[in-house]
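Each chain is listed here by its residues.
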Amino acid sequence: MNPAHRLLQAAKRSEIDNLQHLATTCELVGDISRFIHALQKERGASNVFLASHGQRFASRRLERVADSLTRERAIRERLDHLPQYAASSARLLKRIACVWVALDDLAGLRRDIETLAISADAATRTYNRLIGGLLAVVFDAADTADDPDVTRSLVAIFHFMQGKELAGQERACGAIGFTAGEFDAPHRQLLLQLIDAQQRCFDTFSEFASDATREYWQQQLSLRTQDGIQQLRERACTDAAQQLDRDLGETWYELTTARIDTMQQVEAQLAAELSQLCHRKIEQAQADINDQQQLDASLQDAIEHCSTCEQLADLFPQEATHELGQLTANAVESRLNRALIDLMQSQNARLQHISDELENTRKTLRERKLIDRAKGMIMEHQQMSEEEAYRFMRKASMDQSKSMAEMAKTIIDLADILQKRQA
């Protein structure tokens, strides 16, 4: 075996090590998913318990705490061993350290809840911070992954978990209002924001998830549960001040819990898919390492894609590349010029990132204009208030599994067609 092939084998071994580290991190993501789900249930039961001044969900809250403690022990064991063998970034390890501190504070929070020494809103905020820290670990795992397929899968699961957490916060907010018998303006506004933010997360999930997972998500959705939640949302978000039946707190809790339990099944599917993807890539890399034909193909691919001259040429317009010639080919051998090329490429990537961010901002503004225009049409033709029109669009977009922008365009296009026919 020649030196080039030995170097390629070393590269493959390094790739396998990285994939194994990544597989370990992905297993952590699965543990985090299960722990967050337990915490979300504990938070929901604690909210009903606190909002009812300890009259409701006392035993159910204790059951949720016991489940969370079981999941917490598993996550502590995973986090305790992770730094020993994970090729993690400093940022990811610091994030895990912050989560560890928050875990240690959980016992104090539970004591405050048990003695009714904390308000429902304050307890919710504390749970939210811990769950937010756990989600940040998933985000950093996605951000540090260098395999594009694994990164895509991690991005999908992160946004789904984030959407599920927002659904959990909606459950907590609704539990406070329904159990108290009324929603004040801040809680109504929070509920609307949480509904909108959830949809954005699920839209992003749909962009990055596999076809099989998207189909599984659609199959698991219960229209009956969705309709029940939507009816209670409308009662909670109405402008008119009204006294609500306190028993609706338990109805709301059961419906939203059924929805979140369904989401947990999808999360489990995503985690399993992610783990299978990592192990398939490890098996493929292990098979390739002693495959002479595959090493030859890898060498040819490296020769075609690692040319410094070609990298430099890529930085110039097409019509200018023919002027680079032999002088450039000689010049790039200089260490200083190679460093310059790296700098130029880094700046080029940074500028592209800025351009992408600007385009995303423009897209958001365009979508907002579409939504506002469609909302105005509904207000005019259906005699609805702005908030009623918004809720109407939100329900329609959820029923048809469309984003708000897509639903707005559908409404506008339909209105244009009707106006042309009338003319």
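The structure presented is a predicted model; accordingly, all values stated were derived computationally and were not measured. (Residues numbered from 1 in each chain as written. Predicted model: local features only at pLDDT ≥ 70, side-chain atom pairs only at ≥ 80, totals over all residues. Heavy atoms only, no water.)

1. Some points on the state of the cysteines
Working step 1: Evaluated as defined, the whole model comprises zero disulfides.
Working step 2: Considering cysteine sulfurs only, Cys237 is the nearest to Cys173, which forms no disulfide, with 8.3 Å between them.
Working step 3: For Cys173, a relative accessible area of 3% corresponds to the buried category. (Disulfide = S-S within 2.5 Å. Buried < 20%, exposed > 50% of the residue type's maximum accessible area, 1.4 Å probe, protein only.)

2. Things to note about unusual backbone geometry
Working step 1: Despite not being glycine, His53 has its phi angle at roughly 55°, a positive value.
Working step 2: Positionally, His53 belongs in the loop between helix H1 (3–51) and helix H2 (58–85).
Working step 3: In this structure His53 comes out as exposed when scored by relative accessible area, which is 61%. (Helix = DSSP H or I, 4+ residues; strand = E, 2+ residues; numbered from the N terminus.)

3. Brief notes about the packing of helix H8 (residues 211–220) against helix H10 (residues 248–288)
Working step 1: Packing of H8 against H10 brings their axes to within 10 Å, and their N-to-C directions diverge by 165°. Our classification of the angle between H8 and H10 gives roughly antiparallel. Where H8 crosses over H10, the two elements pack in a sense that is right-handed. In this structure, H8 uses Thr213, Tyr216, Trp217 and Gln220 to contact H10, whose residues at the interface are Thr262, Met263, Gln265, Val266, Gln269, Leu270 and Glu273.
Working step 2: Partitioned by chemical class, the residues of the contact of H8 with H10 number five nonpolar, five polar and one charged. (Axes fitted to C-alpha atoms, helices over the stretch in contact; angles between N-to-C directions. Parallel < 35°, antiparallel > 145°, perpendicular 65-115°, else oblique. Left-handed = near helix turned anticlockwise from the far one by under 90°. Contact = heavy atoms within 4.5 Å. Nonpolar A, V, L, I, M, F, W, Y, C, P; charged D, E, K, R; others polar.)

4. Comments concerning empty space enclosed by the protein
Working step 1: This model, assessed by the stated rule, comprises two cavities of 30 Å³ or more.
Working step 2: Computed from the structure, the largest cavity encloses a volume of approximately 70 Å³.
Working step 3: Forming the walls of the largest cavity are Leu192, Ile195, Gln230, Arg233, Cys237, Tyr390, Arg391 and Arg394.
Working step 4: Counting only elements with at least two residues in the lining of the largest cavity, the list comes to helix H7 (185–208), helix H9 (223–236) and helix H15 (386–399).
Working step 5: For the lining of the largest cavity, the element with the most residues is H15, which contributes three residues.
Working step 6: Its residues assigned to classes, the lining of the largest cavity comprises four nonpolar, one polar and three charged.
Working step 7: The computed volume of the second largest cavity comes to approximately 50 Å³.
Working step 8: Contributing to the lining of the second largest cavity are Gln226, Asp227, Gln230, Lys395, Met398 and Asp399.
Working step 9: Where the lining of the second largest cavity is concerned, the elements lending two or more residues are H9 and H15.
Working step 10: Residues belonging to the lining of the second largest cavity are distributed by class as follows: one nonpolar, two polar and three charged. (1 Å grid on protein atoms, 1.4 Å probe; cavity = no way out; pocket = protein on both sides within 12 Å on 5 of 7 lines; lining within 4 Å. Points joined across faces, edges and corners; volume = space filled by probe spheres on them.)

5. Observations concerning the packing of H9 against H15
Working step 1: Relative to each other, H9 and H15 sit at 170°, their axes nearing to 12 Å. Put simply, H9 runs roughly antiparallel to H15. On the side of H9, the interface is formed by Gln226, Asp227, Gln230, Arg233 and Glu234, while H15 contributes Arg391, Lys395 and Met398.
Working step 2: When the residues that make up the contact of H9 with H15 are grouped by side-chain class, the tally is one nonpolar, two polar and five charged.

6. Some words on the environment of Gly168
Working step 1: If you trace the backbone, Gly168 turns up in helix H6 (residues 148–180).
Working step 2: Using a relative accessible area of 1% as the deciding quantity, one classes Gly168 as buried.
Working step 3: Put simply, Gly168 and Thr257 are 89 residues apart on the chain and 8.2 Å apart in space, counted from C-alpha to C-alpha.
Working step 4: Those residues in contact with Gly168 that sit more than four places away from it in its chain are Arg43 and Ile260.

7. A few points about the environment of Val48
Working step 1: Summarising the element assignment, Val48 is placed in helix H1.
Working step 2: Residue Val48 is classed as buried on the basis of its relative accessible area, which comes to 1%.

8. What to know about helix H3 (residues 90–104)
Working step 1: Between its terminal C-alpha atoms H3 stretches 22 Å, which fits the 21 Å expected from 15 residues at 1.5 Å a residue.
Working step 2: Those residues of H3 not exposed but buried are Leu92, Ile96, Val99 and Leu103. Along the long axis of H3, the arc covered by the buried residues comes to 55°, so they all point the same way. Within H3, the exposed residues directed more than 90 degrees away from the buried face are Ala90, Lys94 and Cys98. (Expected span 1.5 Å × (residues − 1). Arc of directions from axis to C-beta.)

9. A few points about the layout of surface pockets
Working step 1: Counted as a void, the largest pocket has a volume near 980 Å³.
Working step 2: What lines the largest pocket is a set of 33 residues, among which Gln199, Arg200, Asp203, Thr204 and Ser403 lie closest to the centre.
Working step 3: Sorting the residues of the lining of the largest pocket by element identifies H7, H8, H9, helix H14 (335–382), H15 and helix H16 (404–422) as the ones contributing at least two each.
Working step 4: By residue number, the principal contributor to the lining of the largest pocket is H7, which donates 11 residues.
Working step 5: For the lining of the largest pocket, the class distribution of residues is 10 nonpolar, 10 polar and 13 charged.

10. What to know about the packing of aromatic side chains
Working step 1: The tally for this structure, following the rule as stated, stands at seven aromatic pairs.
Working step 2: Three or more aromatic residues joined by ring pairs form one cluster here, namely Phe160, Phe202, Phe205 and Trp217.
Working step 3: Above the face of the Phe49 ring, Arg61 is positioned so that its terminal group lies 5.1 Å from the ring centre.
Working step 4: Looking at Arg76, its charged tip hangs above the ring of Trp100, at a distance of 5.4 Å from the centre. (Phe/Tyr/Trp six-rings, centres within 6.5 Å; stacked < 30°, edge-to-face > 60°. Lys NZ or Arg CZ within 6 Å of the ring centre and 35° of its normal.)

11. Concerning the confidence of the model for the chain
Working step 1: Per-residue confidence for the chain gives a mean pLDDT of 77, with 76% of residues at or over 70.
Working step 2: Mean pLDDT across the elements of the chain bottoms out in helix H12 (residues 308–313) (41) and peaks in helix H4 (residues 106–114) (94).
Working step 3: Across residues 307–341, where pLDDT falls below 50, the model places 23 contacts with residues more than four positions away in sequence or in other chains. (pLDDT = per-residue confidence, 0-100.)

12. Some thoughts on the pattern of salt bridges
When the charged atoms of two side chains with opposite charge come close together, those side chains can pair.
Working step 1: The full count for this structure, using the stated rule, is 23 salt bridges.
Working step 2: Linking Asp247 and Arg56 is a salt bridge whose minimum nitrogen-to-oxygen distance equals 2.9 Å. One end of the pair, Asp247, is in the loop between H9 and H10; the other, Arg56, is in the loop between H1 and H2, with 191 residues separating them in the sequence.
Working step 3: Judged by relative accessible area, which is 22%, Arg56 ranks as partly exposed.
Working step 4: The salt bridge involving Asp196 is made with Arg200; its shortest N-O contact spans 2.6 Å. Pair noted here: Asp196 and Arg200 are both in helix H7, with a separation of four residues, about one helical turn.
Working step 5: Via salt bridges that share partners, Glu42, Glu72, Arg76, Asp104 and Arg110 belong to a single interconnected network. (Salt bridge = Lys/Arg side-chain N within 4 Å of Asp/Glu carboxyl O.)

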